[in-house]
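Breakdown of the fold
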Amino acid sequence: MKNKIDNYILYSLILFSVYCAVIIGISWDELDHLAEGNRRLKYLFSFGTYDYLDYRDRLGWEFYPGFYHTLSTFVTKMLPKKYEIETLHLINWSFSIFTIFGISKISSELFNKKVGKIVFLLCFFNPIFFGHIAINQKDMIIAFANIWSTYLILRYLKNQQIDEKRNRYVILAGLVIGFGLGVRIVFLVTLVPIIVISIIDVLFSKKIIDDKFSNKKLIVDVFKISAIGYTLMILCWPDTHQNIFVLPFKLFFESLNFEFGILFSLLNGNVYNTAETPKSYLIINFLYKLPEFILLSYLVFIYLILKNKSFFNSKFKFFNTKLILILFIIIFPNLLLLISPYKIYDGLRLFLYLIPYICIIPGLAIYYLITNYKILISKILLTTIFSLFAYYLLIFFSLTPYQYTYLNALSGDFSKAHKKFENDYWAVSIKELVNQIPSNKDLLNNVDLKLTFCGATDDNVKPYLKKIKNFQFKQVNWSTEDYDYVIMTNRLVIPNLAEGSADADNLKNIKTCFDRFKGIDIVTVSRNGLILSTLR
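Criteria and cut-off values
- Residues numbered from 1 in each chain as written.
- Predicted model: local features only at pLDDT ≥ 70, side-chain atom pairs only at ≥ 80, totals over all residues.
- Heavy atoms only, no water.
- Helix = DSSP H or I, 4+ residues; strand = E, 2+ residues; numbered from the N terminus.
- Rg over C-alpha atoms; globule rule 2.2 N^0.38 Å.
- Buried < 20%, exposed > 50% of the residue type's maximum accessible area, 1.4 Å probe, protein only.
- Axes fitted to C-alpha atoms, helices over the stretch in contact; angles between N-to-C directions.
- Parallel < 35°, antiparallel > 145°, perpendicular 65-115°, else oblique.
- Contact = heavy atoms within 4.5 Å.
- Nonpolar A, V, L, I, M, F, W, Y, C, P; charged D, E, K, R; others polar.
- Patch = residues over 30% accessible without salt bridge, like charges linked within 9 Å, V, L, I, M, F, W, Y side chains within 5 Å.
- Areas by Shrake-Rupley, 256 points an atom, 1.4 Å probe, with all protein chains shown as cover.
- Salt bridge = Lys/Arg side-chain N within 4 Å of Asp/Glu carboxyl O.
- Phe/Tyr/Trp six-rings, centres within 6.5 Å; stacked < 30°, edge-to-face > 60°.
- Lys NZ or Arg CZ within 6 Å of the ring centre and 35° of its normal.
- Core = buried A, V, L, I, M, F, W, Y, C linked by side-chain atoms within 4.5 Å.
- Lys, Arg positive; Asp, Glu negative; His and termini not counted.
- Polar contact = N/O pair within 3.5 Å; in protein donor to acceptor, adjacent residues only side chain to side chain.
- Disulfide = S-S within 2.5 Å.
- Pairing = 2+ DSSP bridges.

Our focus in this paragraph is the overall build of the protein chain. Each helix and strand counted, the protein chain has 22 helices and 9 strands in total. Here the C-alpha atoms of the protein chain give a radius of gyration of 24 Å, agreeing with the 24 Å that 2.2 N^0.38 yields for 536 residues. Overall, the protein chain is about 75 × 65 × 50 Å in size when its C-alpha atoms are taken along their principal axes. Counting only residues that meet the buried cut, the protein chain has 53% of its 536 residues in that class.

Following both chains from N to C, one finds helix H2 (residues 30-45) and helix H3 (residues 67-76) inclined at 90°, their axes separated by 8 Å at the closest point. The orientation of H2 relative to H3 falls into the category roughly perpendicular. Of H3, the residues touching H2 (which contributes His33, Leu34, Gly37, Asn38, Arg40, Leu41, Leu44 and Phe45) are His69, Thr70, Thr73, Phe74 and Thr76. When the residues that make up the contact of H2 with H3 are grouped by side-chain class, the tally is 5 nonpolar, 7 polar and 1 charged.

Taken together, the side chains of Ile195, Val196, Ile199, Ile200, Leu203 and Phe204 present a nonpolar region at the surface, about 540 Å² in accessible area. Note that Leu203 resides in helix H10 (residues 192-205).

Scanning all chains against the criterion turns up 48 aromatic pairs. Their ring planes at 25° and their centres at 6.2 Å tell us that Tyr230 and Phe249 sit as a pair that is stacked. With Tyr230 in helix H11 (residues 215-235) and Phe249 in helix H12 (residues 247-255), this pair connects stretches of sequence that are 19 residues apart. Arranged with centres 5.3 Å apart and planes meeting at 65°, the rings of Phe252 and Phe253 form a pair that is edge-to-face. In textbook terms, an aromatic cluster arises when at least three aromatic residues are bridged by ring pairs, as seen for Phe16, Phe124, Phe125, Phe130, Phe293, Phe389, Tyr392, Phe396, Phe397 and Tyr406. A cation over an aromatic ring shows up here: Arg536 above the ring of Phe514, its NZ or CZ 5.6 Å from the ring centre.

At their nearest, the axes of helix H15 (residues 319-336) and helix H17 (residues 360-371) sit 10 Å apart, and the two run at 140° to each other. Judged on the interaxial angle alone, H17 and H15 are oblique. Two secondary-structure elements touch here, H15 through Phe319, Leu323, Ile326 and Leu327 and H17 through Ile360, Ile361 and Leu364. Among the residues making up the contact of H15 with H17, the classes are represented as 7 nonpolar, no polar and no charged.

This part covers the nonpolar core. If you look at the biggest cluster of nonpolar residues, it comprises 158 residues, and the most contacted ones within it are Phe301, Phe312, Phe319, Tyr357, Leu364, Leu465 and Ile487. Once residues within four sequence positions are removed from consideration, Tyr357 is found in contact with Ile103, Ile106, Asn146, Ile147, Thr150, Ile326, Ile329 and Ile330. Cys454, Val486, Phe514 and Phe517 belong to the second largest nonpolar core, which has 8 residues in total.

Attention now moves to the side chain of Glu292. Looking at the secondary structure, you find Glu292 in helix H14 (residues 292-315). This buried residue, Glu292, is left without a salt bridge; Lys420 holds the nearest opposite charge, at 12 Å. Here Tyr406 takes part through its side chain, which lies 3.0 Å from a polar atom of the side chain of Glu292. Not counting residues within four places of it along the chain, the set of residues in contact with Glu292 comprises Leu388, Tyr406, Asn408 and Ala409.

With that out of the way, let us pick up the state of the cysteines. Tallied over the entire structure, the rule returns 1 disulfide. For Cys454, the disulfide goes to Cys513, at an S-S distance of 2.0 Å. Handedness here is read from the sign of the S-S torsion; for Cys454 and Cys513, about -75°, the answer is left-handed. Here Cys513 lies in helix H22 (residues 513-516) and Cys454 lies in strand S3 (residues 450-454), a separation of 59 residues in the sequence. Overall, Cys454 belongs to the buried group, its relative accessible area being 3%. Residue classification places Cys513 among the buried positions, given a relative accessible area of 1%. Between Cys359, a cysteine without a disulfide, and Cys123, which holds the nearest cysteine sulfur, the sulfur-to-sulfur distance is 4.8 Å. Judged by relative accessible area, which is 2%, Cys359 ranks as buried.

In this section: the sheet that holds strand S5 (residues 485-488). Spatial strand order, S4-S3-S5-S9-S8: 5 strands in an open sheet with mixed pairing. For this open sheet the edge positions go to strand S4 (474-475) and strand S8 (523-527), each flanked by a neighbour on one side alone. Examined bridge by bridge, S3 and S4 share 2 bridges and lie parallel to one another. Pairing of Leu451 across the sheet is with Gln475, part of S4.

Turning to the environment of Gly66, a few remarks are in order. Position of Gly66 relative to the elements: it lies in the loop between H2 and H3. Spatially, the C-alpha atom of Gly66 lies 5.9 Å from that of Cys236, the residues being 170 residues apart in sequence. Setting aside chain neighbours within four positions, we find Gly66 in contact with Arg40, Gly182 and Cys236.

What follows is the structure, encoded as structure tokens:
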């Protein structure tokens, strides 16, 4: 009976996530990734004879290995083109779901299956992770590759002496690491904590590895994993094919000086230069974007460790080592911010791989409270956490399918959150916004309509506008031409010259699209009082 209930819950969650993946709109650069994937497919299927564009004219695509973009584009071609976006979303979704299963496997491996099930639910319902489940074709794959690499490394260390398992783990580890490298070379940095802990265990502590562990086999297997991963990395990277041993590294070092991403972003109401990301960036995002019951669970865990750490030591072998690994993974990116040459923006999307690990400690706290439910303090704490979780679920479902815009109560009035963060930075709500236009006769019957866009690319808006029957419009540039209406999200917009300059020392002239373009909202997309996008 219990298994039937578990399966019912699992299937219900999967169906809901599929529904969200299908109905959500095109994300910011999704069509660009498909176009680049198409170019690389043509190159590969022509065996290199296709005239692939010179990388210096392609806005940084030369720095991306592009394995996943090429693979996902290939899969989309197996279905009708009119379902291209939905197909891509479902491909992304599948890797995301496997990532959730992966963190459950890690939790089961380190602790037990009950903790694994709790962590599965916590990760699935995390608004940041769930909100990106279908629309993020880079960072979610990094998360997938990181989670499964970590799991396979742990399994390898424990079972190296069994040749059948050893060979399977080596091949799979090479493939998943290749997936990560095939998105960004810097993916390797995310594996530093598990690599460091593994080296310490192999050389000194020997708590994870088996007594028959062989360092010679390890060296051979690392070479095999590296070879498989490297092959996948360069496979769909035409810019390196003239010299596959030199150009990948040359392009990587060049990328460190390339101007990726946006210039400015909004963090808790303050505009900042992305080249000078505040060192407290991750802490601020976690503080306001993790649900209240998760934050409380961390406090409860600290209390439990101080009060009854012996429980965890008795339940889980080498608990301290395992806890250090989880904490190291979570803390390590904060240390990287001190030296990182990369721009950081768009909330936590660049750190999606952290979210599953962040769910483990709350999972341990909840496991303790369930196991010791007969104790009064455990009853009180568990009831409080479950009450906050139930309240959170109401918010979670009410944000569908834009869960990644979630902010907790510490952020203040949610309806005014557009002044604190760039909420729909993927511009995925534009689909829902444009779908409302046919119901507005004034817009539909205006044959001289002049539209401009802010905080959303042409690719986010025009595909949906073109689907509206008998709708005529002219797209204009708001900085040089007159316009009737603006379709926008609350992204920051750099002012034109007439409005003043904008640089690292003069941020006051930078406003969100909502503040830059005042007027009457004709149609809007909102959740819980917060406007995500509008036609004004």
